[in-house]
Amino acid sequence: MNHNDIRHKLSEYIDESVTGAEKATIEEHLKTCADCSEALRELRKTIEQVKQIEEVEAPAWMASKIMAKVRDEEGQKKSFWQRFLVPLFTYRPAQAVAVLFIAVISYYIYTNLNPAAKYSEEPVAKLSQREAPVEMPDKRIPKPSQQPEKKIAQEPAFRSLDMKYEYEKTAAPKPREEPPAAAPAPAQEESRPLKDEMDKNMFTEAPKAKALPPPAMPEQAAPAGSTLVRGSAAAEKAEPRAATKAPASENDAEARQAVTEHFANVDLPKTMKVKGLSFTTHGLQAGHPDLEWMQKTSVFLTKQCEKRYVIDVDLSGSLSKYLYCYDHRRVLLLGIFEFRNDTWSEIPHP
Amino acid sequence: MSNSAEISPAAAFDVDAPLVAAARAGDLQAFESLVLRHQKRMLNIAFRIIGEYDDACEVTQDAFVSAWRNLGAFRQEARFSTWLTSITVNLSKNRRKRVTLQQARTPRSLDAPVRTDDGEVLPDPPSGEPTALDRMERQDVKNRVQDCIRALEPDFREVIVLRDMQDLAYEEIATALKLAIGTVKSRLSRAREAVKECLKKTMGDRS
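Below you will find a few notes about this structure. Predicted model only: the values in this text are computed from it and were never measured. (Residues numbered from 1 in each chain as written. Chains lettered and ligands numbered in written order. Predicted model: local features only at pLDDT ≥ 70, side-chain atom pairs only at ≥ 80, totals over all residues. Heavy atoms only, no water.)

Let us now look at the overall build of chain A. The number of helices and strands found in chain A is 15 helices and 5 strands. Partitioning the intrachain contacts of chain A with sequence separation of at least 6 by distance along the chain shows that 61% fall at a separation of at least 24. Carbon and sulfur atoms make up 58% of the accessible area of chain A, which amounts to about 20500 Å² in all. (Helix = DSSP H or I, 4+ residues; strand = E, 2+ residues; numbered from the N terminus. Contact = heavy atoms within 4.5 Å. Areas by Shrake-Rupley, 256 points an atom, 1.4 Å probe, with all protein chains shown as cover.)

What follows is the structure in structure tokens.
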């Protein structure tokens, strides 16, 4: 150990924490090194002074405050056990009552939620029920094989009509302020994929029809006049204008649009959605040339209607007529007629 | 090796052992006895590390509550007092850090009175004289020693507090501070040297 090492060991030397050999070396060095002896003296004095610093007293309340905190913790621990274990032994009847109560409430909620689910399905069921009588006469004729095809188109269209029906029924008592096109909007949206398809496939002249509204306008304004509706796009465009020009024919325009939409979205067979198809919607009022013979048909007589509409369909020269009933804002296909052998004859429809 | 300071204190008989055992079994009175036995020592350790009496009181309470909470985890490898010291030192160090941060963040006016051991005095703007030393010279030796300890770095202050003020053995200090004994020895040596130099400066030749 050199001088520096010994200087650093002096602190340990004072605490008698050095080994016997170290102690001997240090003491030997101290005899000759005045610096180290002085340093040792000062260090001893410093430690002495540090030890003389008086201790502070703990406040009288300290122990009781600590114990209060400890007891508080203990209380929390106990209440923890009370909460989770004691009820098992003491509050069993209360628990039983609580479980029973929850069970009853659960059953009540369950039974009240179920009808809600039923209601949401009901309009569809009702609609098919209402349609049933109209379909009855056709039962004697064998059903065509296009049933599955129709089902695909029918499903969304029925829904859209239901929605429309519900919506307009509630709004009916008020005088209508908004254009009629606003109300059928959801219905249009529902059938959008089908329409898109139609626009692409068959109504190649639709843009043209859009571009020439003025000739159609007077016809629409006239209450007895038949309206030329060429494609769904034209129908959408024409209706609001008719409404703004002649509010009296508002209902008529709305009905015509509903019928046209029903035809295009529901009743028009897929096989007919080809290029070269055109159709027009007429109101079947007194004086209409078709009224005379149509009113004698069974499908006409079986159903009382607010209004009847006929859609003239021309598929590359092959003509047919779709007779519709519009009653309380509901659209119903009554019958389909085809022009064969110089006469109109009813053809089966599902 | 005849090293008295390195005899394991854990191996030595712990006078607190029976009370600790009772307290662990939930005996609050036993724990209260331990509180009464050790509160002054823990308060002094906290006070010397933090430097503020009120903070030291709070920390001491927290240390005992923490000890009660963790009594189950105390494996009696060390003495109860050593274990308690360890808790107190840790809490004190954390508190001191917080206090120092708060003081550093608090904006201080240069003209505002400064709190000293003599009460509040107006700060003396720098003159030719070393004012801090001037003030210290007016204090008695004890205050100067305290100031010198307070001026130490926290790591050095801890060892000198535990060794020279609380008379803990090296081994106990090492356990309480979770340090190697060699580190304790060297820190203690440097701490004592620092205090010695500090006192020499403040007291001049009169020492």
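There's plenty left to go through after this.
Counting residues at the interface gives 39 residues for chain A and 47 residues for chain B. For the pairing of chain A and chain B, the buried interface totals around 3900 Å² over both sides, and the portion due to carbon and sulfur atoms is 57%. Here chain A and chain B share 10 salt bridges between them. With a shortest N-O distance of 3.9 Å, A:Lys69 and B:Asp62 are connected by a salt bridge. Broken down by element, the side of chain A that touches chain B gets its largest block of residues, 11 residues, from helix H4 (residues 62-84) of chain A. The residue makeup of the side of chain A that touches chain B, split by class, is 15 nonpolar, 8 polar and 16 charged. (Buried area = accessible area lost by both parts, 1.4 Å probe. Salt bridge = Lys/Arg side-chain N within 4 Å of Asp/Glu carboxyl O. Nonpolar A, V, L, I, M, F, W, Y, C, P; charged D, E, K, R; others polar.)

Right, let's talk about the pattern of salt bridges for a bit. Summed over all chains, the structure comprises 29 salt bridges over all chains. The partner of B:Arg163 in a salt bridge is A:Asp15, and the shortest N-O contact between them spans 3.1 Å. With one member in each of two chains, B:Arg163 in helix H7 (residues 154-165) and A:Asp15 in the loop between helix H1 (3-14) and helix H2 (20-32) form a pair that bridges those chains. For B:Arg163, a relative accessible area of 12% translates into the label buried. Looking at A:Asp15, the relative accessible area reads 12%, which means it is buried. (Buried < 20%, exposed > 50% of the residue type's maximum accessible area, 1.4 Å probe, protein only.)

A separate point is a nonpolar patch on the surface. All names here are of chain A. Taken together, the side chains of Phe101, Ile102, Ile105, Tyr108, Ile109 and Leu113 present a nonpolar region at the surface, about 650 Å² in accessible area. Mapped onto the secondary structure, Phe101 falls in helix H6 (residues 92-135). By relative accessible area, Phe101 is classed as exposed at 56%. (Patch = residues over 30% accessible without salt bridge, like charges linked within 9 Å, V, L, I, M, F, W, Y side chains within 5 Å.)

The values reported here are purely geometric and, on their own, carry no functional implication.
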